[in-house]
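# An overview of the molecular structure
Here are the chains, one letter per residue:
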Amino acid sequence: GEYTFNKCGNLKTVYMPKVKSLGSFAFAESGIINADAPLLTGISSYGFSNCLNLTSVNMPELNLISRYGFYGCKNLKESFSSKKITTLTYGALSNTGLTSIRLYGNVDIGEQAVGYYKDENGNSIPIAGFKVYGEKGTTVEEYAKSNGLEFAELSSLPMTCEHQWEEITELATCTKEGLTYKRCK
């Protein structure tokens, strides 16, 4: 539900093995350090916003992060990665400690969704040196370049898994070019 653990300062670790979605402000401004939700597919607006102690997130099924989902999580510094992300809305991962992100295929990315911080006057500024990893010719590359962020192809990263790679082909339509890319199974 909404505001379930909002401002629970003593909450440190959350394991949600069966939860698939979170309500707005569910963990906002809580003391959470680790969030493990293996089946979570969506985070509603402000779900984990301003969780200043959050350092670790395990959400492999995550495909949607709504408005300000992780906004202000200053200690979230690991390269955020969920191979299933399809949508990042406005400010979803902005003003965090992230210095890079990995996104796979075409992703619907809202304004200032990632790679931005707020200055002392409240202005959103692109993070210098922020790196967006993705596939060439995708919306991910377009977002990085149109926001002045560094773009690098996922293939430039060393393989860090022991899984098999599968080739994905998105067919061309009247309004979209076709695309082929690889992702870890």
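Okay, so let's go over this structure. Just so you know, these numbers come straight off a predicted model, no measurement behind them.

### Brief notes about the overall build of the protein chain
- Across its full length, the protein chain carries one helix and 16 strands.
- A fraction of 20% describes how many contacts in the protein chain between residues 6 or more apart in sequence connect residues 24 or more apart.
- Total accessible area on the protein chain is roughly 9,600 Å²; 48% of this is exposed by carbon and sulfur atoms.

### Considering the nonpolar core
- Core analysis: the biggest nonpolar cluster contains 40 residues, and Phe 48, Leu 54, Met 59, Phe 70 and Leu 88 have the highest contact counts within it.
- Ranked by residue count, the leading element in this core is helix 1 (residues 139–146), at three residues.
- Core analysis: the next-biggest nonpolar cluster, separate from the first, contains five residues, Tyr 104, Tyr 133, Leu 154 and Leu 157 among them.

### A closer look at the pairing of strand 14 (residues 150–153)
- Where strand 13 (residues 131–134) meets strand 14, four bridges bridge the pair, whose relative direction is parallel. Counterpart to Tyr 133 in the pairing with strand 14 is Ala 152.
- The parallel pair strand 13 and strand 14, bridged by helix 1, forms a crossover whose chirality is right-handed.

### Examining the sheet that holds strand 2 (residues 21–22)
- An order of 2-4-6-8-10 is seen for the five strands of this open sheet, with the pairing classed as parallel. If you trace the sheet from one side to the other, it starts and ends with strand 2 and strand 10 (108–109), each paired once.
- As paired elements, strand 2 and strand 4 (residues 42–43) share two bridges and run parallel to each other. The partner of Leu 22 across the bridge, within strand 4, is Ile 43.

### So, the side chain of Ser 94
- Inspection of the secondary structure puts Ser 94 in the loop between strand 8 (87–88) and strand 9 (100–102).
- For Ser 94, a relative accessible area of 5% corresponds to the buried category.
- With sequence-adjacent residues up to four places away left out, Ser 94 is seen in contact with Tyr 68, Phe 70, Tyr 71, Gly 72, Gln 112, Ala 113 and Tyr 116.

### Some remarks on the environment of Thr 86
- Position of Thr 86 among the secondary structure elements: in the loop between strand 7 (80–81) and strand 8.
- With 18 residues separating them in the primary sequence, Thr 86 and Tyr 104 have C-alpha atoms 8.3 Å apart.
- Apart from the residues within four sequence positions on either side, Thr 86 is in contact with Asn 63, Val 107 and Asp 108.

### A short note on the sheet that holds strand 1 (residues 13–15)
- Read from one edge of the open sheet, three strands run 1-3-5, paired in parallel fashion. Lying at the two open borders of the sheet, with one neighbouring strand each, are strand 1 and strand 5 (56–58). With direction set aside, neighbouring strand axes in the sheet form an average angle of 0°.
- Alignment of strand 1 against strand 3 (residues 34–36), held across three bridges, turns out to be parallel. The partner of Val 14 across the bridge, within strand 3, is Ala 35.

### Re the pairing of strand 13
- As judged from the three bridges shared by strand 9 and strand 13, these two strands associate in the parallel manner. Within the sheet, the bridge partner assigned to Arg 102 lies in strand 13 and is Tyr 133.

### Re the pattern of salt bridges
- Summed over all chains, the structure comprises four salt bridges.
- One salt bridge in this structure joins Glu 150 and Lys 131, with 3.3 Å as the shortest N-O distance. Of this pair, Glu 150 sits in strand 14 while Lys 131 sits in strand 13, placing them 19 residues apart in sequence.
- Taking relative accessible area as the criterion, Glu 150 reaches 39% and is therefore assigned partly exposed.
- Between Lys 145 and Glu 141 there is a salt bridge, with its nearest N and O atoms 2.7 Å apart. Of this pair, Lys 145 and Glu 141 are both found in helix 1, four residues apart, which corresponds to roughly one turn of the helix.
- A cluster of three or more residues bridged by salt bridges with shared partners is formed by Lys 136, Glu 141 and Lys 145.

Calculation notes
Residues numbered from 1 in each chain as written. Predicted model: local features only at pLDDT ≥ 70, side-chain atom pairs only at ≥ 80, totals over all residues. Heavy atoms only, no water. Helix = DSSP H or I, 4+ residues; strand = E, 2+ residues; numbered from the N terminus. Contact = heavy atoms within 4.5 Å. Areas by Shrake-Rupley, 256 points an atom, 1.4 Å probe, with all protein chains shown as cover. Core = buried A, V, L, I, M, F, W, Y, C linked by side-chain atoms within 4.5 Å. Buried < 20%, exposed > 50% of the residue type's maximum accessible area, 1.4 Å probe, protein only. Pairing = 2+ DSSP bridges. Right-handed = clockwise from strand over helix to strand, strands pointing away. Axes fitted to C-alpha atoms, helices over the stretch in contact; angles between N-to-C directions. Salt bridge = Lys/Arg side-chain N within 4 Å of Asp/Glu carboxyl O.

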